[in-house]
Amino acid sequence: MNPLHRLPPPDPAAVPPVERPASVRLTHNRERMAAWLAADRAERARPSLMGWAASAAWPLIKGLREHPSASLAAGALVQRLLRPEPAPATVVVPAPAVASPSPLMLRQGLALVRRHPGTVLALAAAAGAVWLWRRSTPRSPPR
């Protein structure tokens, strides 16, 4: 039983007094339990937003699973994420002044991803689509 679903509070007029026989109290409690179970089943049967999203996303996930280059891209991404950072080179070459992300910025970015995963995923997908579209459209050379 889910601890979040509590029994409904008993109606003070319907609570049997202690002097009643145990069989009457047992019948009353069974009726209350049956009503609670029916309400719980009705609550669980109601479609949720996450259930709808999962059923809508399943064909996309299944299509990606069957796509030959999707597994290659996922494997390359996982390999890159699992690879440790390369050791610093022995030759020191002055690099242009590029601001590297600080640990504080990384923590804030991860917190944003944890709080709003759908929004971040949608923005990343839109940025990727724009990047792919810009690369695929032919451009005339500058004059």
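Residues numbered from 1 in each chain as written. Predicted model: local features only at pLDDT ≥ 70, side-chain atom pairs only at ≥ 80, totals over all residues. Heavy atoms only, no water.

Trainee: Break down the overall build of the chain for me, with residues and values.
Mentor: Looking only at helices and strands, one finds five helices and zero strands in the chain. Reading the secondary structure of the chain in the N-to-C direction produces α-α-α-α-α. On the chain, roughly 13,400 Å² of surface is accessible, and the fraction owed to carbon and sulfur atoms is 68%. (Helix = DSSP H or I, 4+ residues; strand = E, 2+ residues; numbered from the N terminus. Areas by Shrake-Rupley, 256 points an atom, 1.4 Å probe, with all protein chains shown as cover.)

Trainee: Give a detailed account of the pattern of salt bridges, specifying residues and quantitative values.
Mentor: Counted by the stated rule, this structure contains one salt bridge. Its salt-bridge partner being Asp40, residue Arg44 comes within 3.2 Å of it at the nearest N-O pair. Of this pair, Arg44 and Asp40 are both found in helix H1 (residues 22-45), four residues apart, which corresponds to roughly one turn of the helix. By relative accessible area, Asp40 is classed as buried at 11%. (Salt bridge = Lys/Arg side-chain N within 4 Å of Asp/Glu carboxyl O. Buried < 20%, exposed > 50% of the residue type's maximum accessible area, 1.4 Å probe, protein only.)

Interpretation in functional terms is not warranted from these geometric data alone.
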